[in-house]
Amino acid sequence: MNQILDGIRVLELTAVINGPYAGGLLAELGAEVIKVEPLDGEIQRRIAPMIKGQAFGYMQYNPNKKSITLNLKEEKAKKIFYQLAEKSDVILENNTPGVMERLKIGWEDIRKINPRIIYASTTGYGQSGPYRDYPAYDSLAQARGGIMSATGDRMDPPVKTGPSITDFLAGAHTALCILIALWQRQQSGEGQRVDIAMYDAAVPYLYEEIAWMMANGKQQERLGNAHRSLFPHNIYTTNDGHIFLLIESQQQWKCLADIVGLSDGYADHEKVKNDQGLRSKTESAIESWTSSLSKADAERYLMKNGIPCARVNYLDEVIADPLMNEHDMFVSVEQQIAGPIKIPGSCLNIQDNPGRVIAPGSPLGFHNEEILSTLLGYSSDEIANLKKAGVI
Amino acid sequence: MNNRFNELVVLEMTDKHYHSAYAGRLLGEIGARVIEIEPLNGSSLRNSPPFKNGVSLLHSIYQANKESVCIDLPKRDACDIVLELAKRADIILDGMGIYVANKWGIDYEVLKKSNPRLIYASLTTYGVNGLYSEYDDHEVLAQARGGIMSLTGMKDGPPMRASTIISDLITGLHAAICCVATLYHRDATGKGQFIDMANFDTIATHLKEFTTMYLVEKKVLKRMGNLSPRVAPYNAYRCKDGYAVIATASNPQWESLARAIGREDLICDPNYKTPYDRRFKGNNVTVLDNIIEGWTKDRYRQDVVDIMNRAHVPCAPVQEVSSVLADEHLWVRDMFIKMSGSGNAYDCFPGSMLKLSATKGTVSRPGEYLGMSTGKVLRELLGYSDEALQDLLKKSIIWGAVV
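Residues numbered from 1 in each chain as written. Chains lettered and ligands numbered in written order. Predicted model: local features only at pLDDT ≥ 70, side-chain atom pairs only at ≥ 80, totals over all residues. Heavy atoms only, no water.

Looking at the overall build of chain B
So, step 1. Counting secondary structure elements, chain B contains 19 helices and 14 strands.
So, step 2. By its C-alpha atoms, chain B is 85 × 45 × 40 Å across when sized along the principal axes.
So, step 3. Across the 403 residues in chain B, those meeting the buried criterion constitute 63%.
So, step 4. If you take every contact in chain B between residues at least 6 apart in sequence, the share linking residues at least 24 apart comes to 68%.
So, step 5. Of the accessible surface of chain B, which amounts to about 14,300 Å², a share of 49% is contributed by carbon and sulfur atoms.
So, step 6. Of the side-chain charges in chain B, 47 are positive and 47 negative, and the distance between the mean point of each set is 3 Å. (Helix = DSSP H or I, 4+ residues; strand = E, 2+ residues; numbered from the N terminus. Buried < 20%, exposed > 50% of the residue type's maximum accessible area, 1.4 Å probe, protein only. Contact = heavy atoms within 4.5 Å. Areas by Shrake-Rupley, 256 points an atom, 1.4 Å probe, with all protein chains shown as cover. Lys, Arg positive; Asp, Glu negative; His and termini not counted. Charge placed at Lys NZ, Arg CZ, Asp CG, Glu CD.)

Comments concerning the packing of aromatic side chains
So, step 1. Taken as a whole and assessed by the stated rule, the structure comprises 25 aromatic pairs over all chains.
So, step 2. Centroid distance Tyr125 of chain A to Tyr199 of chain A: 5.3 Å. Interplanar angle 65 degrees. Geometry classified as edge-to-face. With Tyr125 of chain A in the loop between strand 7 (118–123) and helix 6 (138–144) and Tyr199 of chain A in the loop between strand 8 (193–197) and helix 8 (202–205), this pair connects stretches of sequence that are 74 residues apart. Each member of the pair, Tyr125 of chain A as well as Tyr199 of chain A, carries the same accessibility label: buried.
So, step 3. Here the aromatic residues Tyr125, Tyr131, Tyr134 and Tyr199 of chain A are joined through ring pairs into a cluster of three or more.
So, step 4. Over the ring of Tyr58 of chain A we find Arg45 of chain A; its NZ or CZ atom is 3.6 Å from the centre of that ring.
So, step 5. Over the aromatic face of Trp183 of chain A sits the side chain of Arg4 of chain B, whose NZ or CZ is 4.0 Å from the ring centroid. (Phe/Tyr/Trp six-rings, centres within 6.5 Å; stacked < 30°, edge-to-face > 60°. Lys NZ or Arg CZ within 6 Å of the ring centre and 35° of its normal.)

Some thoughts on empty space enclosed by the protein
So, step 1. What the rule picks out here adds up to two cavities of 30 Å³ or more.
So, step 2. Lining the largest cavity are Lys160 and Gly162 of chain A together with Leu151, Phe210, Lys222, Arg223, Met224, Gly225, Leu227 and Pro229 of chain B.
So, step 3. Across the lining of the largest cavity, the residue classes break down as five nonpolar, two polar and three charged. (1 Å grid on protein atoms, 1.4 Å probe; cavity = no way out; pocket = protein on both sides within 12 Å on 5 of 7 lines; lining within 4 Å. Points joined across faces, edges and corners; volume = space filled by probe spheres on them. Nonpolar A, V, L, I, M, F, W, Y, C, P; charged D, E, K, R; others polar.)

Quick word on the sheet that holds strand 9 (residues 233–238) of chain A
Residue and element names in this part refer to chain A.
So, step 1. One open sheet accounts for three strands, arranged 9-10-11; its pairing is antiparallel. The two strands at the open ends of the sheet, each matched to only one other strand, are strand 9 and strand 11 (309–311). Taken pair by pair, the neighbouring strands of this sheet meet at an average axis angle of 25 degrees, ignoring direction.
So, step 2. Judged from the six bridges that link them, strand 9 and strand 10 (residues 241–246) form a sheet pairing that is antiparallel. Residue Thr238 lies in a different strand from strand 10, and its bridge partner there is Gly241.
So, step 3. Those strands touched by helix 13 (residues 295–304) are strand 9, strand 10 and strand 11, and its axis lies near 165 degrees from that of strand 11. (Pairing = 2+ DSSP bridges. Axes fitted to C-alpha atoms, helices over the stretch in contact; angles between N-to-C directions.)

Re the packing of helix 16 (residues 368–375) of chain A against helix 17 (residues 380–388) of chain A
All names here are of chain A.
So, step 1. Orientation of helix 16 relative to helix 17, taken along the N-to-C sense of each, is 135 degrees, at an axis distance of 10 Å. It follows from the interaxial angle that helix 16 and helix 17 lie oblique. Relative to helix 17, the crossing made by helix 16 is right-handed. Here helix 16 contributes Glu369, Leu372 and Ser373 to the contact with helix 17, which in turn contributes Ile383, Leu386 and Lys387. (Parallel < 35°, antiparallel > 145°, perpendicular 65-115°, else oblique. Left-handed = near helix turned anticlockwise from the far one by under 90°.)

Topic: helix 18 (residues 374–382) of chain B
Residues and elements named next belong to chain B.
So, step 1. When we look at burial in helix 18, the residues that qualify are Thr374, Gly375, Val377, Leu378, Leu381 and Leu382.
So, step 2. Looking at the buried positions of helix 18, the neighbouring elements they touch are strand 1 (9–14), strand 2 (33–38), strand 5 (67–71), helix 3 (76–88), helix 19 (386–394) and strand 14 (398–399).
So, step 3. Once helix 18 finishes, Gly383 follows within two positions and takes phi at roughly 70 degrees, a positive value.

Quick notes on the sheet that holds strand 6 (residues 91–95) of chain B
Residue and element names in this part refer to chain B.
So, step 1. Spatially, seven strands are ordered 8-7-6-1-2-5-14 in an open sheet, and the strand pairing comes out mixed. Here the strands that pair on one side only, and so sit at the sheet edges, are strand 8 (194–198) and strand 14.
So, step 2. When strand 6 meets strand 7 (residues 119–124), the two strands line up parallel, connected through four bridges. By the bridge assignment, Leu93 is partnered in strand 7 with Ala121.

Re the interface of chain A and chain B
So, step 1. Opposite the 134 residues of chain A that make contact, chain B presents 131 residues.
So, step 2. A salt bridge links Asp195 of chain A to Arg333 of chain B; the nearest nitrogen and oxygen atoms lie 3.0 Å apart.
So, step 3. Taken together, chain A and chain B are joined by 59 residue pairs in polar contact (both at pLDDT 80 or more).
So, step 4. Looking at the side of chain A that touches chain B element by element, the count peaks at 18 residues for helix 7 (residues 165–188) of chain A.
So, step 5. Partitioning the side of chain A that touches chain B into residue classes produces 81 nonpolar, 34 polar and 19 charged. (Salt bridge = Lys/Arg side-chain N within 4 Å of Asp/Glu carboxyl O. Polar contact = N/O pair within 3.5 Å; in protein donor to acceptor, adjacent residues only side chain to side chain.)

Structural notes on the packing of helix 10 (residues 250–260) of chain A against helix 12 (residues 276–290) of chain A
All names here are of chain A.
So, step 1. Relative to each other, helix 10 and helix 12 sit at 60 degrees, their axes nearing to 9 Å. By the criterion of interaxial angle, the relationship of helix 10 to helix 12 is oblique. When you trace helix 10 past helix 12, the crossing you get is left-handed. Taking contact as the criterion, the partners of Trp253, Leu256, Ile259 and Val260 in helix 10 are, on helix 12, Thr282, Ala285, Ile286 and Trp289.
So, step 2. Looking at the contact of helix 10 with helix 12 residue by residue, the classes come out as seven nonpolar, one polar and no charged.

Focus on the pattern of salt bridges
Residues and elements named next belong to chain A.
So, step 1. Enumeration over the complete set of coordinates arrives at 42 salt bridges over all chains.
So, step 2. Across the pair Lys65 and Glu12 runs a salt bridge whose closest N-O atoms are separated by 2.9 Å. Taken together, the positions of Lys65 in the loop between helix 2 (56–61) and strand 5 (66–69) and Glu12 in strand 1 (residues 9–13) put the pair 53 residues apart, joining distant regions of the chain.
So, step 3. The class of Glu12 is buried, set by a relative accessible area of 0%.

Side note on the confidence of the model for chain B
All names here are of chain B.
So, step 1. When pLDDT is averaged across chain B, the result is 95; 100% of the residues are at 70 or more.
So, step 2. Looking across chain B, the model is least confident in strand 13 (residues 344–350), with a mean pLDDT of 89, and most confident in helix 1 (residues 19–29), with 98.
So, step 3. The complex model carries a pTM of 0.97, and its ipTM stands at 0.97. (pLDDT = per-residue confidence, 0-100.)

Here we look at the state of the cysteines
Residues and elements named next belong to chain B.
So, step 1. Scanning the entire structure with this criterion turns up zero disulfides over all chains.
So, step 2. Counting only cysteine sulfurs, Cys79 is the nearest neighbor of Cys70, a cysteine outside any disulfide, at a range of 14 Å.
So, step 3. Cysteine Cys239 shares no disulfide, and the gap to the nearest cysteine sulfur, in Cys315, comes to 7.6 Å. (Disulfide = S-S within 2.5 Å.)

Some details on the pairing of strand 5 of chain B
In summary, the side chains of a regular strand alternate between the two faces of the sheet.
So, step 1. The buried fraction of strand 5 of chain B amounts to five of the five residues, a majority that puts the element mostly inside the structure.
So, step 2. Every second residue of strand 5 of chain B is oriented toward a common face, with Glu67, Val69 and Ile71 of chain B on one face and Ser68 and Cys70 of chain B on the other, all of them buried.

Focus on the pairing of strand 8 of chain A
All names here are of chain A.
So, step 1. Counting buried residues along strand 8, five of its five residues qualify, which places the element largely inside the surrounding structure.
So, step 2. Where burial is concerned, the two faces of strand 8 agree: the one with Arg193, Asp195 and Ala197 and the one with Val194 and Ile196 are both buried.
So, step 3. The pairing of strand 7 with strand 8 spans five bridges and is classified as parallel. Along strand 8, the bridge assignment pairs Thr123 with Ala197.

Describing helix 1 of chain B
Residue and element names in this part refer to chain B.
So, step 1. In terms of burial, helix 1 is a largely internal element, eleven of the eleven residues being buried.
So, step 2. Listed as buried for helix 1 are His19, Ser20, Ala21, Tyr22, Ala23, Gly24, Arg25, Leu26, Leu27, Gly28 and Glu29.
So, step 3. The positive-phi residue at the C-terminal boundary of helix 1 is Gly31, with phi of around 125 degrees.

Following this line, the structure appears as structure tokens:
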């Protein structure tokens, strides 16, 4: 099957989640992504769990990619990199600002040899601003970016969003910018520089909190699972976990009140919403109804009666969900050393040319010879010498 | 560089979900002409709090750069206007839910007949195949069903929703990715495509850190407050005036941290040899967190951050949103800008993340009043005369500014 980015070559110098996620999206769309790693591999290669020595995290964050090693401190390795850059469309990196320039493979160095190159950096704080040189992890971006201060129950300490959301947001915005630059280049013939920051991602993430600040000049109290205007809007205990339900209309309210046995005194939804006592009695009435049921039974019954609700699923339940299977969201693939494994699939569902996860990330340096010989024309003797000299 | 996005026309139909709104905002930031098609009483987004001077600020932010065209869908004459606009459009963002466009006779199968170059992105909670079509599709319910809530919150507390419409945001973002990828493809094929984006799918790809342990060891990870699923020390620590996050992922960082709090003795302790030992061996993670918090709790947050940064230990304050809005770094990077337009001026308005050197994303005006561009768009794109517009206005097919 032909894919949208067939014929596009990406050199990726990334580690952990943010950069690899960006490159993974391009690889899902068919780009030839060559991951360039130091001789001992990027950090993710050393993080457990492992399968036959292959880090599972690495394999799932780097789908469809080829792997080569280059010791970029060596002049010979730099030369190989320049040769590759000449034949590539995109360079993607997530090193601390300044690192690529010091290695003489920064935007200015590369555009001289390939003016069509799209050079994308995705880092913690970006290429400008006072925090530029700070190290960043997702938690730090969530902390400084206000996400933690807006999450969780007001009685608890601030808490982060479970998934490393700023990593993923930065990675996906980077992939978007690269695609934008590729489309622009079709007409202009020129490349561009892309500069994305995890910290910046806190801004779109918090549009709602920012809007609230703009309107009232102060931050809304942390609400936990409650909602500013809807009530009820919460999780309730079942005999095997939790169910989330919410009420949007008087009709739904009446139906729920009947189900959980609230008397006529509760008929007026607006009145209940605005009375602290009635609110807390409502919460206990719902919970005493849900607590004797399983989440599946509670969900089925409430849905049948038109109440918006969903069970709170744990990971095993999410993965087992029939829709995940239907949408191929967890796919069986095979790695050269680890063998058959199951990893997350692609969510880029473009009808005739969907994103696809065909293979997990490759073993370190697996494609050294293929890339050096077929793409750059090195002989096997030359390659052996480069290996001996610690260049690859 | 000539910006090709300036030649693009995007039609956006958004109801109560924000995914299509975010996708539209991204395309608008990069220069496309994004037209928000709204019913007579406005989209749900327009009617969402908080309000200032009667204007929904959520609408102002999400619908920045866009033009508002107000038509009385699903009246037949109004649907016909959408059919006409779709002939001139490059991209349609449909966030109305799975059967709505079909019911109104303006779905992809209809529209592509008169415009084969059209790219049509459907954004829904569960996708268009109908498996969960009877399910109510609130963003928070997608978080519950999709596992995000099981991973957010304190270790001993209940599941917690992420603080925002996280799955709408990532779904809108990935829809924009698919749209631009398809534009690229269209240069070669001359044809548009149908894009089926689902919150449930995008959530699945964002659980990777946690699904790892299940796929390999059948271990179901659950919420763990601010701890890392892999390394320690890594947590939010109480200070005199708030919290600071200290995050060590390697031995050198751990050693610097131990020195910075005057506990060099811990470095040689074989019990704490690797990040994995510190996180998972015995009661290590709690013991170490107590030692660190014992040190932070008598210090001001900013002092903790300064000491840690000087020692090269990754650390950041847990900032309130007010401090984020005042953060110089974000102003330097144009993530916040001053804004005027549409009758409202804002001292602080969210800017664009799309930082490209030649064609960077920009935000030039907040979302418009309802129907502010109805006449303008119908005149410019469809060549409607003033009389025709007046006539449609009289018949209540359209609403807003027509002259």
